[in-house]
Amino acid sequence: NGLAGSESMLPDTMPASQVYHTSSMVFEHLSVAPGCDSLSVPDLLERALLERMTPGTDSLSSAESHTLGVLADYYLCSLLLDRDLKRFSSALPVYYDKGHTLPLHYREALCLIGSDTAGQHIGHVADSVMYARYSDYMKMRQSVKEIPAVQYKECASAYPGSYWNYYFSDPHRY
């Protein structure tokens, strides 16, 4: 849709200020009340999560619990789309227990965040296979680093759809 980062989560190319004042399919479903047009998508989603995560969340209905989980994933994805790994690493342990199996792109982001030690610091680690794939990916990037277009094409071909390709791509390109 021509937008980079979390703004691409908004329908079409409608500015956030218009979406928040209309019946947006995602934000209406999640009952996110805007309140302030200047909030970024991650800030808006984080605020909605904080409003819902009150003491006694154990007593949430199944529907409320599901909505909270969906909202948390939208928030975490918005951080990844904005390449904000610092906020992502802080938020991940809040919404995913340590033993929980993480979605693929979350595990790929953990590789970018750092070594096993850094991952353990936030309570999650990518598995050894993921770290091996990341190591191979970085070796490929280094082997063709002189020509960015070739580097992107080769990595995208070898690792289609990976978060690493998105993270290292030029955000102004889209």
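## Details of the overall build of the chain
Next up, step 1: A count of helical and extended segments in the chain gives 10 helices and 0 strands.
Next up, step 2: Across the chain, helices and strands are ordered from the amino to the carboxyl terminus as α-α-α-α-α-α-α-α-α-α.
Next up, step 3: A total of 174 residues make up the chain; the buried ones form 38% of that total.
Next up, step 4: Restricting the contact set of the chain to residue pairs at least 6 apart, pairs at least 24 apart contribute 46%.
Next up, step 5: Within the structure as shown, the chain displays about 9700 Å² of accessible surface, and the carbon and sulfur contribution to it stands at 55%.

## Describing the environment of Cys111
Next up, step 1: Along the chain, Cys111 turns up in helix α6 (residues 104–113).
Next up, step 2: A residue is classified by how much of its surface remains accessible, and Cys111, at 3% relative accessible area, is buried.
Next up, step 3: Along the backbone, Cys111 and Ala132 are 21 residues apart, and their C-alpha atoms lie at a distance of 9.6 Å.

## Describing the packing of aromatic side chains
Next up, step 1: Summed over all chains, the structure comprises 11 aromatic pairs.
Next up, step 2: A centroid spacing of 6.0 Å and a plane angle of 35 degrees characterise the contact between Tyr163 and Tyr166, whose relative ring orientation is tilted. One end of the pair is Tyr163 and the other is Tyr166, both in helix α10 (residues 163–168) and 3 residues apart, which spans about a single turn.
Next up, step 3: The positively charged end of Arg83 is found above the aromatic ring belonging to Tyr166, 4.2 Å away from the centroid.
Next up, step 4: Above the face of the Phe168 ring, Arg141 is positioned so that its terminal group lies 4.1 Å from the ring centre.

## With respect to the layout of surface pockets
Next up, step 1: The calculated volume of the second largest pocket comes to roughly 150 Å³.
Next up, step 2: What lines the second largest pocket is a set of 12 residues, and nearest its centre among them are Pro148, Tyr152, Phe168, Ser169 and Asp170.

## Points about the nonpolar core
Next up, step 1: The biggest cluster of nonpolar side chains holds 33 residues, and the ones touching the most others in it are Leu76, Phe88, Leu92, Tyr95, Tyr106 and Trp164.
Next up, step 2: Residue contributions to this core peak at 7 residues, all from helix α4 (residues 62–81).

About the cut-offs
- Residues numbered from 1 in each chain as written.
- Predicted model: local features only at pLDDT ≥ 70, side-chain atom pairs only at ≥ 80, totals over all residues.
- Heavy atoms only, no water.
- Helix = DSSP H or I, 4+ residues; strand = E, 2+ residues; numbered from the N terminus.
- Buried < 20%, exposed > 50% of the residue type's maximum accessible area, 1.4 Å probe, protein only.
- Contact = heavy atoms within 4.5 Å.
- Areas by Shrake-Rupley, 256 points an atom, 1.4 Å probe, with all protein chains shown as cover.
- Phe/Tyr/Trp six-rings, centres within 6.5 Å; stacked < 30°, edge-to-face > 60°.
- Lys NZ or Arg CZ within 6 Å of the ring centre and 35° of its normal.
- 1 Å grid on protein atoms, 1.4 Å probe; cavity = no way out; pocket = protein on both sides within 12 Å on 5 of 7 lines; lining within 4 Å.
- Points joined across faces, edges and corners; volume = space filled by probe spheres on them.
- Core = buried A, V, L, I, M, F, W, Y, C linked by side-chain atoms within 4.5 Å.

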